[in-house]
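# Structural description and commentary
Listed below are the residues making up each chain.
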Amino acid sequence: MGLVGGLALSQLLAKGAVAPAPPGVSARVQELAAARGLSPQDVENAVATYLPGGKYDEFYMFSSGGHSGQVAVYGLPSLKLYRIIAVFTPEPWQGWGYHDRKTMEVLFSERATAGRPLSWGDTHHPEFDRQNAEYVGRWLFIGDKVNGRAAAISLLDFETKDIVKIPNVQTIHGGAFTTPNTEYVLYATQYPAPWEPGRGYKPGVTKVPWSQVVKDEKYFWEYMRGALTFLAFDRNTGRFDLSKSFQIEVPPYVQDLSTISWGPGDGLAFVNSFGTEGMFGETPYEAKLSKNDYDLLHIVLWRKAEDLCLRQGRCKEINGIKVLSLEDAIKEGVLFFVREPKSPHGVDTSPGGHFISVGGKLAPYATVYSTEKIKQAIADKKFEGQDRYGVPILDYGSVVAGQVEVCLGPLHTEFDGRGNAYISCFVENVVTKFTLGSPEYRGDKPFTVVDKVQIHYNVGHICVPESNSPNPAGKYLVALNKWSIDRFFPVGPLKPQNFQLIDISGDKMRLLAEVPVGWGEPHYAKAIRAEKIKPLDVYPVGTDPHVMKDGQFQLSSNAVTEIGKERVQRYQLPDGRWVTEVWGTVIRSTIRPNIIVAKKGDIVRLHLTNIEKSVDATHGLAIAEYNVAASLEPGEYAEIEFVADIPGVFAFYCYEFCSPLHLEMVGWLVVEE
């Protein structure tokens, strides 16, 4: 149904007429609309977002999954859910963390967990790799708030390639945010951690007066700290490199979201904060942490910090990463503050890099700072004071470009590339559109509210495709709402959350569609033009997707790429243990070899290759009573390892329905006494 036909139908429905359908619109459509009580606007919205099979969306949207620990992939404008990417939490369909040795290493290794059992994460704030500040779409980064971890996801195959536990922190929130050429991915502490002077924080090792730091103001300010982490990422290997990374020690405020500027703001990073009152004592923190009239926006000269740490050797290595002390960050002019509205949550860079927009949940306005004025104020040493540690506080009036009274409970700003900004409003339940100033807005009403649209309850973040980059698409906006009361089919006390799609292509915003989100909390999302994402359809046969060189996946020497070359070998290790090692293949509808014999106590190592070359010909391997689940996509090589500690005869089979003879794709593991 075309748009012209839809508008004609809208006119008929508005008049309540029963008439022959206009060209392109059947009488049945009219009947369905009337029977379901659809308004003319409902019908038009349906046409605007409908996407039939075989046609593709304009944008990919990658949403964090909150406490699911995963990332979800949606399409815009259809809001179709295409994929859940396994990251910090085991996921059986993809065999993520179920005895597939490579996924176990990514998920559970010392590097990923600091030696502690971690089986879930709280994903926040996805981010793309960049070139000249523009989104590239080859890599996606995400943070684990609760465990202070970072992850890198390849968008060649939409799979996680590296997870690293960030040293010297417990929790993070401000991240991931990439520097203009993906030199670093910035992750900022959320809540301060106990910090032993000169030795940082390490679980179970740090020695501080534990019983005093959360009760006594003196000990809190002395022994608690945050850290801003600039993680170096190697796009050739797909791994973070701690040896080339650095941290900046910061005061024990509650650091929150981050952004990095470009253009006139190049070299500046911003991290907002609250809790400047201090998180000590037994006063309820929701009252204590909103006492001050303002909080402090952190301004970081990150290129200067990089030079001090990596070229001048001014940083001390603490727990595996170079750290610029708070004292040196102040002395060397790396860290500055400026007042910001109280209890802020969003801090966002305009497309031209001229402005930084901040919303404070307990103030009804957005504050827009000028990056050029900030640089000038730093150069001129225009300070209005300093905090308790001596961090200079820039003169507020010298750096603010504008202040706009936008709504109740402003949070997060996105931009459309036409000089407009959009901010979510947690209390008022609206998205507010306002103008920026020159040179990004060229009209006669700078820093003015020009539109509002009502949305559903408790909106958090919003998403405009390619916002927070120099070239936003500016066509759609998605509101990520926390509550969905009365909106969807009832499913018990745990309600789904709610995505609402808004058309922002014209002067007035228009709500188009909404979908329930029932798999976790979609805390934040980033969207990118679809043509930038170039995923593989199949792997070259024998590809190990966890080994990269020069940015490309490598073939495994253990892969069996031809039928008839499968083999089994049993041998003893120097430490006395025995190994039954299998080199096998899977293809419709056979697992070769289909009988594997091992002795009780053997380490069983399976090298399996899916030798399919057809798109979508995925196979899985499950072994009864051994908790084994491995997914093998077309061409993929995988390693499964477990100890055969239970004697008996155990079925193994392909758990991905792959052909008419799928149920015949089976074999036996025999574990002898």
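Given the structure is predicted, the values throughout are model-derived calculations rather than measurements.

### Quick look at the confidence of the model for the protein
- When pLDDT is averaged along the protein, the result is 94; 96% of the residues meet or exceed 70.
- The low-confidence segment residues 1-19 (pLDDT under 50) makes 36 contacts with residues lying over four places distant or belonging to another chain.

### Here's the deal with empty space enclosed by the protein
- All chains considered together, the criterion is met by three cavities of 30 Å³ or more.
- Lining the largest cavity are 14 residues, with Gln94, Trp96, Thr103, Glu159 and Glu633 sitting closest to its centre.
- Counting only elements with at least two residues in the lining of the largest cavity, the list comes to strand E3 (81-85) and strand E7 (159-165).
- For the lining of the largest cavity, the class distribution of residues is four nonpolar, five polar and five charged.

### A look at the packing of aromatic side chains
- According to the stated counting rule, one finds 29 aromatic pairs in the structure shown.
- Between the aromatic rings of Phe59 and Tyr476, the centroid separation amounts to 6.3 Å while the plane-to-plane angle is 80°, which identifies the pairing as edge-to-face. With Phe59 in strand E1 (residues 59-64) and Tyr476 in strand E30 (residues 476-481), this residue pair connects regions lying 417 residues apart in the sequence. Both residues of the pair, Phe59 and Tyr476, count as buried.
- When the centroid spacing of 6.0 Å and the interplanar angle of 85° are considered together, the rings of Phe355 and Phe447 count as edge-to-face. Within this pair, whereas Phe355 is found in strand E20 (residues 355-360), its partner Phe447 is found in the loop between strand E27 (430-435) and strand E28 (449-454), the two being separated by 92 residues in sequence.

### What to know about the nonpolar core
- Grouped together as the largest cluster of nonpolar side chains are 39 residues, with contacts concentrated most on Leu228, Phe230, Ile248, Val300, Leu324, Val334 and Leu335.
- With near-sequence residues (within four places) excluded, Val300 lies in contact with Leu228, Phe230, Ile248, Gly267, Leu268, Ala269, Val334 and Leu335.
- Residues Ile596, Leu606, Val628 and Met665 belong to the second largest nonpolar core, which totals 25 residues.

### Describing the sheet that holds strand E39 (residues 595-599)
- Overall, mixed pairing links the five strands, which are arranged E39-E45-E44-E41-E42 in an open sheet. Looking at strand neighbours, the two that pair on one side only are E39 and strand E42 (628-632), the edges of this open sheet. Here the average twist between neighbouring strands, direction ignored, is 20°.

### Some details on the domain arrangement of the protein
- The domains assigned to the protein are domain 1 (166-405) and domain 2 (543-671).
- Computed over C-alpha atoms, the centres of domain 1 and domain 2 are 47 Å apart.
- Opposite the four residues of domain 1 that make contact, domain 2 presents four residues.
- Summing both partners gives a buried area of about 240 Å² for domain 1 against domain 2, and 45% of it is carried by carbon and sulfur.
- In terms of surface lost to domain 2, no three residues of domain 1 exceed Arg235, Asn236 and Thr237, which account for 92% of the buried area on that side.
- Where domain 1 meets domain 2, there are zero salt bridges.
- Linking domain 1 to domain 2 there are two residue pairs in polar contact (both at pLDDT 80 or more).
- For the side of domain 1 that touches domain 2, the class distribution of residues is no nonpolar, three polar and one charged.

Conventions we followed
- Residues numbered from 1 in each chain as written.
- Predicted model: local features only at pLDDT ≥ 70, side-chain atom pairs only at ≥ 80, totals over all residues.
- Heavy atoms only, no water.
- pLDDT = per-residue confidence, 0-100.
- Contact = heavy atoms within 4.5 Å.
- 1 Å grid on protein atoms, 1.4 Å probe; cavity = no way out; pocket = protein on both sides within 12 Å on 5 of 7 lines; lining within 4 Å.
- Points joined across faces, edges and corners; volume = space filled by probe spheres on them.
- Helix = DSSP H or I, 4+ residues; strand = E, 2+ residues; numbered from the N terminus.
- Nonpolar A, V, L, I, M, F, W, Y, C, P; charged D, E, K, R; others polar.
- Phe/Tyr/Trp six-rings, centres within 6.5 Å; stacked < 30°, edge-to-face > 60°.
- Buried < 20%, exposed > 50% of the residue type's maximum accessible area, 1.4 Å probe, protein only.
- Core = buried A, V, L, I, M, F, W, Y, C linked by side-chain atoms within 4.5 Å.
- Pairing = 2+ DSSP bridges.
- Axes fitted to C-alpha atoms, helices over the stretch in contact; angles between N-to-C directions.
- Domains from an automatic or database assignment.
- Buried area = accessible area lost by both parts, 1.4 Å probe.
- Salt bridge = Lys/Arg side-chain N within 4 Å of Asp/Glu carboxyl O.
- Polar contact = N/O pair within 3.5 Å; in protein donor to acceptor, adjacent residues only side chain to side chain.

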